[in-house]
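Observations on the model geometry
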Amino acid sequence: MAARKPGRIAKGAAQPRRGAAAPGRPRHLPILLTVALVTMLVLVFVAVRWYLTPAAPGQVRQGQAGQVMAALAAIPQSELESIGRGTSSVDLKPVSAQPLTGARGKPQVLYVGAEYCPYCAAQRWSLAVALSRFGTLTGVGLTSSSSSDAFPDTPTLSFRGSSYASNYLDFVAVETADRQGAQLDKVSPDQQALMQRYDAPPYSTAGGIPFVDLGNRFVTSGAAYSPGLLQGMDQQQVVAALQNPSSAQAKAILGSANVFTAALCRMTGQQPANVCGTPAIHSIQASIGGSGG
Amino acid sequence: MIGGERLLAIGVLGAALAGLGISAYLSAVHATHAPLVCSVRGPVDCERVLTSAYAQILGTAIPTSAAGIIWFGVSGVLALLQVRLSRARAALLAGLAWSVAGLLTALFLVYVEIVQLGALCAWCSAAHVLVLLTLLFTLARLERLPRAQPEPHGMPQQP
């Protein structure tokens, strides 16, 4: 009898059927496990998103700044595009100086403000929307301006303790005081030097906060719109108003965000293209002066 | 290659071709700024997804859909190898590794869509389903491969 080839089973002998499961193992186990795993992960994603989704207007839940930020980051580009400059009165002053770069070597946005300050409260909304177009801003808080200052209790975010992840920009926020005026972050000597130089004439008429330095390409001091637009609202209602491009809040906040975006695009060399390459941004860039990019 | 195996390999090939079509369409829209055929309101909002920072690869101007062209292209080549080379185990294992890598990437993008952006892109989701199908077809083909039999003991070896 001729010897059989090793590993081959003689014709007629019992042979495992193709596609049959190994003994003790359910058929199609890897396929079923894969489908189950994918389904489970998608359900987890949906659950996380549900948790982060902003509540309907009028159902404010404190401590949910993540939901507000998620909503700001999700404002459709078509809406921003349709608003253009809106009713923003943000006054960007071009400067020519050594570019300001952050710890990661990217062009840096410096914000100096305080939680009690109603003008800072207004400015943060626009800045947060603009920054969210270039990266992800996390760790922001919800707060409101002082109850005893002008435009009392203006609803806003706080940048204190926030972090920013972006391929294009670095962001440094200094909140110098809480809404009662108690000291929080200290302005570093370098930041103080920038403020002394650029938060003063001819760049600023009065100086003070909020002060925003966009990579030493542009600076601005004061609010881009009146905080009075936000009076009587809470953060969720502001977010809801931003969903309506014809609301006064959307025209002011998103219009200012577009102006900041146009300046930020100058800093990033017009990247990312899907943010910086739009007609509205080009149009604003033509009006804000500055150079390069 | 028996009929069922060939059918599965053709399934992988079909998924690759469909995925190539979707990825090429999204890349063309990105390059030409042409209007996208897709819903822009509610949970399915292609515009929100495709104009986000995640729509381009790591800060470059390259759209994420370009990676889809490469992935589906390689997947198609591997499927062709599996069809042409009967029981091409190496090609099948390469296809499995490629599919797993593709699925992990697709899951990350699904995470970005659902959690980060709160919007789904219908075209992207179709491509993600095709990646999943590619992996399932590949797993099904692997299940059908005959297992290697152990060397029989005490048998004289053929010189």
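For the structure itself, look to the data block above.
Quick caveat: nothing in here was measured; it's all calculated off a predicted structure. Each residue is numbered by its place in its chain's sequence as written, counting from 1. The lettering of chains begins at A and the numbering of ligands begins at 1, in the order of writing. Per-residue local features of the predicted model are confined to residues with pLDDT of at least 70, and side-chain atom pairs are confined, for both listing and counting, to 80 or more; whole-chain, interface and lining totals are unaffected and use all residues. To obtain the side-chain values, all non-hydrogen atoms of the structure were included, while hydrogens and water were left out.

Here the focus is the pairing of strand E6 (residues 163-166) of chain A. Residues and elements named next belong to chain A. Going residue by residue along E6, you find Tyr-164 and Ser-166 tucked away on one face and Ser-163 and Ala-165 left uncovered on the opposite face. Bridge count for strand E3 (residues 135-138) against E6 is four bridges, and the pairing is antiparallel. Bridging from a neighbouring strand, Thr-136 pairs with Ala-165 of E6. Categorising residues by exposure relies on relative accessible area from a 1.4 Å probe, with only protein chains included: less than 20% of the type maximum marks a residue as buried, more than 50% marks it as exposed, and the intermediate range marks it as partly exposed. A helix here means a DSSP run of H or I that spans at least four residues, while a strand means a run of E at least two residues long, and both kinds are numbered starting from the N terminus. Paired strands are those between which DSSP finds at least two bridges.

Turning next to the state of the cysteines. Any pair of cysteine sulfurs within 2.5 Å is marked as a disulfide. Inspection of every chain in the model, using the stated rule, returns four disulfides over all chains. Disulfide pairing is shown between Cys117(A) and Cys120(A); the S-S distance is 2.3 Å. On the sign convention where negative means left-handed, the S-S torsion of about 90° between Cys117(A) and Cys120(A) marks this disulfide as right-handed. When its relative accessible area of 3% is taken as the criterion, Cys117(A) is described as buried. We classify Cys120(A) as buried; its relative accessible area is 0%. At a sulfur-sulfur separation of 1.8 Å, the disulfide partner of Cys38(B) is Cys46(B). In this structure, the disulfide formed by Cys38(B) and Cys46(B) twists by about 65° around the S-S bond and is classed as right-handed. You can call Cys38(B) partly exposed: its relative accessible area is 22%. By sequence order of its bonded cysteines, chain B has the disulfide arrangement 1-2, 3-4. Cysteines bonded in chain A are numbered consecutively along the chain; their disulfide partners then correspond to 1-2, 3-4.

Moving on to the sheet that holds strand E1 (residues 93-94) of chain A. All names here are of chain A. Strand order across the open sheet formed by five strands is E1-E9-E8-E2-E7, with mixed pairing between neighbours. Strands with a single pairing partner mark the edges of an open sheet, and in this sheet they are E1 and strand E7 (170-175). The pairing of strand E2 (residues 108-113) with strand E8 (residues 211-214) spans four bridges and is classified as antiparallel. Opposite Tyr-111, over in E8, you have Val-212 as the bridge partner. A contact between two residues is defined here by any heavy atoms of the two lying within 4.5 Å. Lines fitted to the C-alpha atoms define the axes, with helices restricted to the stretch that makes contact. Angles between their N-to-C directions range from 0 to 180 degrees. Packing against the sheet, helix H4 (residues 118-132) makes contact with E2, E7, E8 and strand E9 (218-221), and its axis sits at approximately 160° to E2. Running at roughly 35° to E8, helix H7 (residues 248-267) makes contact with E2, E8 and E9 of the sheet.

Our next topic: the nonpolar core. Within this scheme, the nonpolar core is defined by two criteria: the residues are buried Ala, Val, Leu, Ile, Met, Phe, Trp, Tyr or Cys, and they are joined through side-chain atoms within 4.5 Å. Membership of the largest hydrophobic core comes to 62 residues, with the highest contact counts inside it found for Leu72(A), Trp125(A), Phe171(A) and Leu214(A). Of all the elements, H7(A) adds the most residues to this core, at 12 residues. With 26 residues, the next largest nonpolar core counts Val38(A), Leu8(B), Leu26(B) and Cys121(B) among its residues.

Okay, the packing of aromatic side chains next. Any aromatic ring pair is given by two values, namely how distant the centres are and how the planes are angled relative to each other. Residues and elements named next belong to chain A. Any two rings among Phe, Tyr and Trp, with Trp reduced to its six-membered ring, count as a pair given centres within 6.5 Å; such a pair is stacked if its planes are under 30 degrees apart, edge-to-face if over 60, and tilted if neither. Summed over all chains, the structure comprises 10 aromatic pairs over all chains. Centroid distance Phe-134 to Tyr-168: 6.5 Å. Interplanar angle 80°. Geometry classified as edge-to-face. In this pair, Phe-134 is assigned in the loop between H4 and E3 and Tyr-168 in the loop between E6 and E7, connecting sequence segments 34 residues apart. The pair formed by Phe-134 and Tyr-168 is uniform in burial state, with each residue classed as buried. Summarising the aromatic geometry, the rings of Phe-159 and Phe-171 are spaced 5.3 Å apart at their centres and angled 85° between planes, so their arrangement reads as edge-to-face. Of the two residues, Phe-159 sits in the loop between strand E5 (155-158) and E6 while Phe-171 sits in strand E7, which places them 12 residues apart along the sequence. Neither Phe-159 nor Phe-171 differs from the other in exposure class; each is buried.

A few words now on the side chain of Gln191(A). All names here are of chain A. Mapped onto the elements, Gln-191 comes out in helix H5 (residues 189-198). Gln-191 gets classed as buried once you look at its relative accessible area, which sits at 14%. Leave out the neighbours within four places in its chain, and Gln-191 touches Leu-110, Val-172, Val-174 and Lys-186.

All names here are of chain B. Tracing the chain through its elements places Cys-38 in the loop between helix H1 (3-32) and strand E1 (40-41). As for Cys-38 and Trp-123, which are separated by 85 residues in sequence, their C-alpha atoms are 7.9 Å apart. Beyond its immediate chain neighbours, meaning those up to four positions away, Cys-38 contacts Val-44, Cys-46, Ala-122 and Trp-123.

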